[in-house]
Amino acid sequence: MSRSAHPAGPRHGDVLPEGHYSAPPADLNSIDSRVWARTVRRNEDGVITVGGVDVAALAEEFGTPAYFLDEEDFRGRCRAWKDAFGEGADVFYAGKAFLSRAVVRWLAEEGMNLDVCSGGELATALAAGMPAERIALHGNNKSVDEITRAVEAGVGRIVLDSFQEIVRVAHIADRLGRRQRVQIRVTVGVEAHTHEFIATAHEDQKFGIALAGGQAAEAVRRVLKLDGLELTGIHSHIGSQIFDMAGFEVSARRVVQLLTEVRDEHGVELPEIDLGGGLGIAYTSDDDPREPHEIAKALGDIVTRECAAAGLAVPRLSVEPGRAIVGPTVFTLYEVGTVKELDGLRTYVSVDGGMSDNIRTALYDAEYSVALASRASDAPPMLSRVVGKHCESGDIVVRDAFLPADVAPGDLLAVPATGAYCRSMASNYNHALRPPVVAVRDGAGRVIVRRETEEDLLRLDVG
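Residues numbered from 1 in each chain as written. Predicted model: local features only at pLDDT ≥ 70, side-chain atom pairs only at ≥ 80, totals over all residues. Heavy atoms only, no water.

J.: Which residues make up the overall build of the protein, and what are the values?
T.: Along the protein, the regular secondary structure elements total 12 helices and 21 strands. Principal axes of the C-alpha set define a box for the protein whose edges measure 70 × 50 × 40 Å. Partitioning the intrachain contacts of the protein with sequence separation of at least 6 by distance along the chain shows that 71% fall at a separation of at least 24. In the structure as shown, the protein presents an accessible area of about 19,100 Å², 48% of it carried by carbon and sulfur atoms. Taken together, the 49 basic and 69 acidic charged side chains of the protein have centroids lying 5 Å from each other. (Helix = DSSP H or I, 4+ residues; strand = E, 2+ residues; numbered from the N terminus. Contact = heavy atoms within 4.5 Å. Areas by Shrake-Rupley, 256 points an atom, 1.4 Å probe, with all protein chains shown as cover. Lys, Arg positive; Asp, Glu negative; His and termini not counted. Charge placed at Lys NZ, Arg CZ, Asp CG, Glu CD.)

J.: Could you give an account of the packing of aromatic side chains, with specific residues and numbers?
T.: Inspection of the entire model under this criterion finds seven aromatic pairs. Between Phe 68 and Phe 331, the aromatic rings sit 5.9 Å apart at their centres with planes inclined by 40°, giving tilted as the arrangement. Here Phe 68 is found in strand S4 (residues 66–70), whereas its partner Phe 331 is found in strand S14 (residues 330–342), with 263 residues between them in sequence. Grouping residues by exposure puts Phe 68 and Phe 331 together as buried. Connected via pairs of aromatic rings, a cluster forms that spans Trp 36, Phe 62, Phe 68 and Phe 331. (Phe/Tyr/Trp six-rings, centres within 6.5 Å; stacked < 30°, edge-to-face > 60°. Buried < 20%, exposed > 50% of the residue type's maximum accessible area, 1.4 Å probe, protein only.)

J.: Report on the pairing of S14, specifying residues and quantitative values.
T.: Bridge analysis of S4 against S14 gives four bridges, and the strand direction is antiparallel. Across the sheet, residue Phe 68 finds its bridge partner in S14, namely Phe 331. Examined bridge by bridge, S14 and strand S19 (residues 412–416) share five bridges and lie antiparallel to one another. Note on S19: the bridge partner recorded for Glu 335 is Leu 412. The sheet contact formed by S14 and strand S15 (residues 346–351) spans six bridges and is antiparallel. Note on S15: the bridge partner recorded for Val 339 is Val 349. (Pairing = 2+ DSSP bridges.)

J.: Now, about the pattern of salt bridges: what can you tell me, with residues and values included?
T.: A complete count under the given rule lists 33 salt bridges for this structure. Among the salt bridges present, the one from Asp 456 reaches Arg 450, with a minimum N-O distance of 2.7 Å. Connected through salt bridges with shared partners, the residues Glu 71, Arg 75, Arg 79, Glu 109, Glu 110, Arg 441, Asp 442 and Arg 446 form a single ionic network. (Salt bridge = Lys/Arg side-chain N within 4 Å of Asp/Glu carboxyl O.)

J.: An account of the nonpolar core is requested, with residue identities and associated values reported.
T.: By size, the foremost hydrophobic cluster in this structure holds 107 residues, and its most contacted members are Phe 74, Phe 85, Tyr 93, Ile 158, Ile 184 and Leu 413. Sequence-distant contacts of Ile 158, that is, excluding residues within four places in its chain, are made with Leu 137, Lys 142, Ile 147, Ala 150, Val 151, Val 169, Gln 180, Arg 181, Val 182 and Gln 183. Counting residues in hydrophobic clusters, the runner-up holds 23 residues, among them Ile 48, Phe 68, Ala 373 and Ala 414. (Core = buried A, V, L, I, M, F, W, Y, C linked by side-chain atoms within 4.5 Å.)

J.: Now, about the sheet that holds strand S1 (residues 41–42): what can you tell me, with residues and values included?
T.: Spatial strand order, S1-S2-S3: three strands in an open sheet with antiparallel pairing. Each edge of the open sheet is held by one strand with a lone partner, namely S1 and strand S3 (53–54). Of the pairings in the sheet, the one linking strand S2 (residues 48–50) to S3 comprises two bridges and is antiparallel in character. Across the sheet, the residue bridging to Val 50 is Val 53, located in S3.

J.: Which residues make up the side chain of His 235, and what values go with them?
T.: As for its position among the elements, His 235 is in strand S11 (residues 229–235). For His 235, a relative accessible area of 0% corresponds to the buried category. Apart from residues lying up to four places away in sequence, His 235 is in contact with His 138, Val 159, Gln 183, Ile 184, Arg 185, Val 186, Asp 274, Gly 276 and Glu 320.

J.: Could you give an account of the packing of helix H2 (residues 71–85) against helix H9 (residues 292–310), naming the residues involved and the relevant values?
T.: The geometry of H2 relative to H9 is characterised by a closest axis approach of 8 Å and an angle of 30° between their N-to-C directions. Considering their axes alone, H2 and H9 lie roughly parallel with respect to each other. For the element pair H2 and H9, the recorded crossing hand is right-handed. Here Ala 80, Trp 81, Ala 84 and Phe 85 of H2 come into contact with H9, specifically with Pro 292, His 293, Ile 295, Ala 296 and Leu 299. When its residues are assigned to classes, the contact of H2 with H9 shows eight nonpolar, one polar and no charged. (Axes fitted to C-alpha atoms, helices over the stretch in contact; angles between N-to-C directions. Parallel < 35°, antiparallel > 145°, perpendicular 65-115°, else oblique. Left-handed = near helix turned anticlockwise from the far one by under 90°. Nonpolar A, V, L, I, M, F, W, Y, C, P; charged D, E, K, R; others polar.)

J.: Describe H2, and please don't skip the residues or the numbers.
T.: Helix length check: H2, at 15 residues, gives a terminal C-alpha distance of 22 Å against a target of 21 Å (1.5 Å per residue), a fit within 8%. Two or three places before Glu 72, at the opening of H2, Asp 70 has a side-chain oxygen 3.3 Å from that residue's backbone nitrogen. Backbone geometry just after H2 places Gly 86 at a positive phi near 75°. (Expected span 1.5 Å × (residues − 1). Polar contact = N/O pair within 3.5 Å; in protein donor to acceptor, adjacent residues only side chain to side chain.)

J.: Describe unusual backbone geometry, naming the residues involved and giving the relevant values.
T.: That bond from Thr 64 to Pro 65 is cis: its omega, -10°, falls within 30 degrees of zero. Within the element layout of this structure, Pro 65 appears in the loop between helix H1 (55–62) and S4.

J.: Let's hear about the confidence of the model for the protein: which residues, and what values?
T.: Across the protein, the average pLDDT comes to 92, with 92% of residues at or above 70. Within the model, pLDDT remains below 50 along residues 1–18, and this stretch shows 42 contacts once partners closer than five positions in the same chain are excluded. When the criterion is pLDDT under 50, residues 193–202 qualifies, and its contacts beyond four places in sequence or with other chains add up to 41 contacts. (pLDDT = per-residue confidence, 0-100.)

J.: Can you lay out the packing of helix H8 (residues 246–266) against H9 for me, pointing to particular residues and giving the numbers?
T.: It is at 9 Å that the axes of H8 and H9 come closest, and there the two elements cross at 35°. Handedness of the H8/H9 crossing: right-handed. Across the interface between the two elements, Phe 248, Glu 249, Ala 252, Arg 253, Val 256, Thr 260 and Arg 263 of H8 pack against Leu 299, Ile 302, Val 303, Arg 305, Glu 306, Cys 307 and Ala 310 of H9. Its residues assigned to classes, the contact of H8 with H9 shows eight nonpolar, one polar and five charged.

J.: Before we move on, can you summarise the environment of Ser 22 with the specific residues and values?
T.: Residue placement: Ser 22 occurs in the segment before S1. Look at Ser 22 and you get partly exposed, because its relative accessible area is 34%. With near-sequence residues (within four places) excluded, Ser 22 lies in contact with Asp 286 and Phe 402.

Given below as structure tokens:
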């Protein structure tokens with residue numbers, strides 16, 4: 001598989017043919033440290049553990065399906081990103097990947113900033129005590145109420161996404177007697193080599209203001225004329241689940257060119273540049289993501305080189321990892337309900353969750369790994385499809401997987417790398433109850449987002 005064009009799923013780019021699957025691993029009991037949270041092990045009884053607690057005990061205490069988050073791993077990844085970029089840069093955790101009040105508190109304690117893209121995410125951030133000046137508000141269609149709350153709270157930046165929004169934010173800031181710090185999100189025309197639904201820098205999509213045709217330059221002119229806005233820089237985000245740095249190099253070059261044009265036309269050197277996030281993680285052993293220090297060096301070198309060529313002072317750099325922090329720290333634990341063998345094809349292993357707790361396989365053809373978690377097995381590998389309990393044939397959790405041939409009802413299966421977007425995009429399809437998120441650390445688990453109940457569903461149904 002090409003490292004320069006990692007797919008979010010095999011539908012995109014004809015990278016993987018229909019029905020493709022890799023050979024079974026040599027050891028079905030192995031735990032690949034690139035894919036699993038850092039404290040995950042198999043104990044002497046063959047049971048998977050996280051934070052020193054085995055999954056059988058976790059399932060008994062918290063039930064299944066459930067998301068289990070390795071708190072030590074999450075905090076360690078925050079520190080790794082902060083340390084990699086240093087004091088001369090800002091690291092914003094992208095809250096859309098997964099957000100809760102506990103996560104916000106961890107971010108604040110680890111010195112991270114926070115990127116939110118809705119009123120609900122902003123409310124969560126403020127309720128958990130994140131300093132407003134460390135919050136950035138994104139979104140392609142922010143409501144008047146969302147903007148008003150952000151300006152009133154004093155968020156550190158609002159990322160402007162359209163010409164209408166320039167006027168909207170300026171009007172609200174004027175009405176409140178504030179001068180709001182803003183960046184302009186530009187679409188730079190870069191092919192990010194990812195699934196079309198999560199590529200965000202080509203011109204034909206909903207985000208940002210295009211560099212093409214001088215639209216971004218016009219946006220700068222309009223912002224600079226408005227007293228209620230303080231333009232601090234340019235923002236670019238080229239997509240998600242990206243392994244190759246080539247797209248960032250093209251993006252940085254084009255953003256720096258815009259900074260040069262702003263200096264030449266307006267005599268202003270904008271002090272900030274945000275290159276977004278989107279760096280990939282390992283969902284399977286075939287994936288080879290970069291470490292934060294490699295990413296920091298590559299992005300820093302790109303920006304420094306382009307600014308030197310343009311005769312610009314190097315602006316303060318921002319990045320926005322979300323998936324890269326929370327994605328690997330979580331696995332979803334399921335109980336097997338039925339096992340159905342189809343001769344000559346594969347075996348369908350049905351679990352007690354599905355597309356209501358992980359829509360990404362159905363939405364993007366995303367790939368995942370899976371392991372028998374409640375015991376080790378010496379049985380031969382069995383080509384399997386792990387599916388959910390919902391009334392959809394597309395209700396697939398892991399499309400092509402090898403599980404031990406003796407997998408049986410009552411076994412526990414764990415799907416790693418489910419920290420990003422799984423709980424955030426979870427639904428009540430078929431009136432399923434969304435699973436809890438349980439943080440595990442130092443031999444104990446604690447609920448940070450509780451399991452939904454039938455009472456929760458009925459409370460919203462006003463009859």
